[in-house]
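# A structural walkthrough
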Amino acid sequence: LSVLNGHVKKLKKRAETLSERISSSLDASEIKLYGELITCNLYRLKKGEKCARLINYGEITEEIKDPLDELLSPQENAKKYFKLYRKKKTGLEIALKQYEELSEELSYIDSVLWGLESATCTTDILEVKRELIAAKIIKENTPKFDSIRFDAICLLGKEVTHIPNAFVPQRSTL
């Protein structure tokens, strides 16, 4: 159980990281707008300007203060914003896909934990172990999971004596 709980903690931490990445990528459309506004106003801009007040003639006419890199020309600034937009857009797509996969894995592990809690014999526990090995969540010889007798006692509430030799824990792991 400690192996699975540790795995769940790692997945939840990874989910937090992905959530942060997703929220930081949501401003991609604003970055694209900056690039478009710079492109539309190239004739008004000069190299060396730190910022520009550009008019957005979209749905609502508004003036936007756009930060510029003073070492770059207006065309290079627009190119920089479009490159950043593509990077954030791609990052958002990847992060959303990873978040979906992570959610599926968490729900799978929840079902495995439920299966362990409802196990009635060591055969059920061994079956869960084989399933976790097949899913590459644990390794074949995971020491913490090999203490199957201890797990069985915790789950079933009684000493279990008919455990195959391959799964009997070593003295050092108890």
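Let us look at the structure shown here.

## Concerning the pattern of salt bridges
One pass over the structure, following the stated rule, counts 2 salt bridges. Here Asp27 and Lys88 are joined by a salt bridge, their closest N and O atoms 3.4 Å apart. Note that Asp27 is positioned in the loop between helix H1 (2-25) and helix H2 (28-40) and Lys88 in helix H3 (residues 74-117), a separation of 61 residues in sequence. Among the residues examined, Asp27 registers a relative accessible area of 32% and is labelled partly exposed. What makes Lys88 buried here is its relative accessible area of 19%. A salt bridge links Lys50 to Glu70, with the shortest nitrogen-to-oxygen separation between them at 3.9 Å. Taken together, the residues Lys50 in the loop between H2 and strand S1 (51-57) and Glu70 in the loop between strand S2 (61-67) and H3 connect sequence positions 20 residues apart.

## Some details on the packing of H2 against H3
The contact between H2 and H3 brings their axes to 8 Å, and the two run at 160°. Classified by the interaxial angle, the pair formed by H2 and H3 is roughly antiparallel. Once H2 is placed against H3, the crossing between them reads as left-handed. Across the interface between the two elements, Ala28, Ser29, Ile31, Lys32, Tyr34, Gly35, Glu36, Ile38 and Thr39 of H2 pack against Pro74, Asn77, Ala78, Tyr81, Phe82, Leu84, Tyr85, Lys88 and Lys89 of H3. For the contact of H2 with H3, the residue count by class is 10 nonpolar, 4 polar and 4 charged.

Reading guide: rules and limits
- Residues take numbers from 1 onward in each chain, read along the sequence in its written order.
- Whole-chain, interface and lining totals are the exception, using all residues; otherwise, since this is a predicted model, local features are given only for residues with pLDDT of at least 70 and side-chain atom pairs are given and counted only at 80 or more.
- Side-chain calculation: all heavy atoms of the structure are included, whereas hydrogens and water are not.
- Salt bridges, as used here, are contacts in which a Lys or Arg side-chain nitrogen is within 4 Å of a carboxyl oxygen on Asp or Glu.
- Secondary structure elements are taken from DSSP: a helix is a run of H or I of four residues or more, a strand is a run of E of two residues or more, and numbering for both begins at the N terminus.
- Using a 1.4 Å probe on the protein chains alone, a residue whose accessible area is under 20% of its type maximum counts as buried, one over 50% counts as exposed, and one in between counts as partly exposed.
- Throughout, an axis means a line fitted to C-alpha atoms (over the contacting stretch in the case of helices), and angles, computed between N-to-C directions, take values from 0 to 180 degrees.
- Throughout this description, any angle smaller than 35 degrees is read as roughly parallel, any larger than 145 degrees as roughly antiparallel, any in the 65 to 115 degree range as roughly perpendicular, and the remainder as oblique.
- Helix crossings fall into two classes, left-handed where the near helix is turned counterclockwise from the far one by less than a right angle and right-handed where it is turned clockwise.
- Any two residues having at least one pair of non-hydrogen atoms within 4.5 Å are treated as being in contact.
- Throughout this entry, Asp, Glu, Lys and Arg are counted as charged residues, while Ala, Val, Leu, Ile, Met, Phe, Trp, Tyr, Cys and Pro are counted as nonpolar. The remaining residues, Gly among them, count as polar.

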